[in-house]
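Coordinate analysis (summary)
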Amino acid sequence: MTDPVGANRREFIKSSSAVVGSAVAAQLGLFSTAHAAGSDTIKVGLVGCGGRGTGAVENLCEAAKDDSNVKIYALGDLFSDHIENARQSLKINEKVASKFDVTEDRCFAGFDAFQKVLDSGVDLVVLATPPGFRPQMLEAAVKANKHIFTEKPVGVDGPGIRKVLAAAEEAKAKKLSIVAGTQRRHQAGYLESMRRIHDGVLGEVTGGRCYWNQGALWMKPRESRWSDMEWQVRNWLYFTWLSGDHICEQHVHNLDVMNWAIGTHPVKAYGMGGRQVRTSPAYGHIFDHFAIDYEYPNDVHVASYSRQIEGTDGDVSEAVLGTNGSWHSKNGYHFTLSGHKSRLRVEEINPYVQEHIDLIKSIRTGKPLNELKTVAESTLTAIMGRMSAYTGKVVTWEEALNSKQNLFPEKLEFGSLPVPPVAVPGQTELI
Ligand SMILES: NC(=O)c1ccc[n+]([C@@H]2O[C@H](COP(=O)([O-])OP(=O)(O)OC[C@H]3O[C@@H](n4cnc5c(N)ncnc54)[C@H](O)[C@@H]3O)[C@@H](O)[C@H]2O)c1
């Protein structure tokens, strides 16, 4: 088939602009059964052909290894060299090759590549650019009635998250499937741990802790021919408008687990952080460590640490404390109940593959999974912590959500783009 929403659906949308909300959704539902038969081709477009994007395509192809009607159909990236590298490596990848159907005229470079991928006739789009672009791309993908696999995080600031929450609602009404790259939600050990915690084995949850502490990451030394914009996008980790800082880019995974365990998002953040080791301008303006106290309803507190400093002890894990015991995920899934320690052992398949198995199943069965609101809330949790650490102020959920601080550049073009100063707690203003 063509577009999941096909020419007919597009016509329908155009001709019924006066019909809104549930009426539209009900009509769209009629079309969304098109994939359920399993014989219709799901054409996949990748936007952001870097490490995770190409990895996600491989995972998707592995997830669909018995489904010959899943095709990798279009590629988009800001940089043509990245597209070419991805194209060459994917077409000889043994998990991908038989599903690879990307012709040269379906490779798109530039800031508008995402729109061209969406317009190329794909049914499902994989969004794996730096997170700063995600709100714009999610909004456009939902508008274009595409199923979506979106990498985390899904934004870097309040205005972006508001856009994503609106897209989540629209996608729900349109019955689109959206799975997010918070893969712990598709990982058997986490799923069973959370089931038990929600069943009350720990008693009442009273608190928790979560960490993403590690050494340094890659950095690409600036080349003289690069404009500010090109340098920043090629080094996106180090600029808050692109990555959201590492609390958002990486630690969102652990914050997502805490929100999942507790069943809601925090109400405020009281945090600190700084830039103690990675101080060269080559590393943009982000912090290298954060420590945040997150307050959830009923005075439940979660300690969150995130650090990227070489030579320090690493720990990427979560823990939940309750009135009857505790659970943690360091090197496995461990419960301590009434002083008795036990390790949960479950068979797991690679969660990066499982998330695509779940996504394709949801498209094929016409039972849409929509994880966009959940991942938007986890992303905002991270943003709220960063805002608190940057300013030194207590930041509430409403302040983070309704923030007017739009970090997206006014113009997307290869040219001058000054780097904001490093935030100074007590001086940097809460906007
Ligand atoms: N779920 C996970 O465990 C996991 C792991 C790694 C990365 N990620 C996420 O995946 C995303 C990508 O990370 P990565 O490691 O692949 O980075 P990367 O730098 O390897 O790839 C990003 C790609 O996006 C392209 N790009 C940048 N701006 C673009 C734009 N405006 N339009 C189109 N393409 C654009 C870049 O040129 C690059 O090819 C990030 O959000 C990251 O947080 C998730």
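None of the values given here were measured: they were computed from a predicted structure. (Residues numbered from 1 in each chain as written. Predicted model: local features only at pLDDT ≥ 70, side-chain atom pairs only at ≥ 80, totals over all residues. Heavy atoms only, no water.)

1. A word on the site of the ligand
Convention followed: Think of it this way: one heavy atom of a residue within 4 Å of a molecule or strand is enough to make that residue near it. Throughout this description, a polar contact denotes any pair of N or O atoms lying within 3.5 Å of each other; where both atoms belong to protein, one of them has to be capable of donating a hydrogen while the other can accept it, and for residues adjacent in sequence the pair is counted only when both atoms sit in side chains. Only DSSP runs of H or I covering at least 4 residues are called helices, and only runs of E covering at least 2 are called strands; the numbering of each starts at the N terminus.
Taken together, 27 residues surround the ligand, and among them Arg52, Asp77, His82, Arg134 and Glu249 come closest. Taking Arg52, its main chain carries an N or O atom lying 2.7 Å from an oxygen atom of the ligand. A distance of 2.5 Å is found between an oxygen atom of the ligand and a side-chain nitrogen or oxygen belonging to Glu249. Put simply, the parts of the chain that give the shell around the ligand at least two residues each are α3 (51-63) and α6 (134-143). Ranked by the residues each element gives to the shell around the ligand, the list is headed by α3, at 3 residues.

2. Describing the confidence of the model for the chain
Selection rule: Residue-level confidence of the predictor, termed pLDDT, takes values from 0 up to 100. Any two residues having at least one pair of non-hydrogen atoms within 4.5 Å are treated as being in contact.
Averaged over all residues, the pLDDT of the chain is 92; the fraction at 70 or higher stands at 91%. Low pLDDT, under 50, characterises residues 1-33; the predicted model gives this stretch 38 contacts beyond four residues in sequence or across chains.

3. Regarding the sheet that holds strand β5 (residues 147-150)
Test applied: Strand pairing is defined by DSSP finding a minimum of two bridges between the two strands. Every axis in this analysis is a line fitted to C-alpha atoms, fitted for helices over the stretch in contact. Angles between the N-to-C directions lie between 0 and 180 degrees.
The 6 strands are arranged β3-β2-β1-β4-β5-β6 in an open sheet whose pairing can be described as parallel. A single partner strand is all that each edge strand has here, and the edge strands are β3 (107-109) and β6 (178-180). Along the sheet, successive strands turn relative to each other by an average axial angle of 15°, direction set aside. Of the pairings in the sheet, the one linking strand β2 (residues 70-77) to β3 comprises 3 bridges and is parallel in character. Within β3, the residue paired with Leu75 across the bridge is Cys107. Relative to β5, α6 is tilted by about 165°, and along the sheet it contacts β1 (42-47), β4 (124-127), β5 and β6.

4. As for the pattern of salt bridges
Applied cut-off: The working definition used for a salt bridge is a side-chain nitrogen of Lys or Arg within 4 Å of a carboxyl oxygen of Asp or Glu. Note on classification: 1.4 Å probe, protein chains only; a residue is buried when its accessible area is under 20% of the maximum for its type, exposed when over 50%, partly exposed between these limits.
Taken as a whole and assessed by the stated rule, the structure comprises 21 salt bridges. Here Glu192 and Arg195 are joined by a salt bridge, their closest N and O atoms 2.8 Å apart. Placement of the pair is Glu192 and Arg195 together in helix α8 (residues 188-199), with a separation of 3 residues, close to one helical turn. A relative accessible area of 18% means that Glu192 is categorised as buried. Several salt bridges converge on common partners, so that one network encompasses Glu192, Arg195, Arg196 and Asp199.

5. Examining the nonpolar core
Our working definition: In these notes, a set of buried Ala, Val, Leu, Ile, Met, Phe, Trp, Tyr and Cys residues joined through side-chain atoms within 4.5 Å is what counts as a nonpolar core.
Counting 84 residues, the largest nonpolar core has Tyr294, Trp327 and Leu372 as the members making the most contacts within it. Among the elements that make up this core, the one with the highest residue count is helix α14 (residues 372-391) (10 residues). If we skip the residues at most four places from it in the chain, Trp327 touches Tyr190, Ser193, Met194, Ile197, Leu202, Val257, Glu318, Ala319, Val320, Tyr333, His334 and Phe335. Residues Leu46, Ala56, Ile83 and Leu124 belong to the second largest nonpolar core, which totals 27 residues.

6. Description of the pairing of strand β8 (residues 268-274)
Pairing analysis gives 7 bridges linking β8 to strand β9 (residues 289-296), with the strands arranged antiparallel. Paired with Ala269 across the two strands is Tyr294, which belongs to β9. Bridge count for β8 against strand β15 (residues 394-396) is 3 bridges, and the pairing is antiparallel. Paired with Ala269 across the strands is Val395, a residue of β15.

7. A short note on the environment of Gly110
With respect to the helices and strands, the residue Gly110 is situated in the loop between β3 and α5 (113-118). Classification of Gly110 as partly exposed rests on a relative accessible area of 22%. Along the primary structure Gly110 and Ser80 are separated by 30 residues, whereas in three dimensions their C-alpha atoms are 7.9 Å apart. The contacts of Gly110, once residues within four sequence positions are left out, are Asp77 and Leu78.

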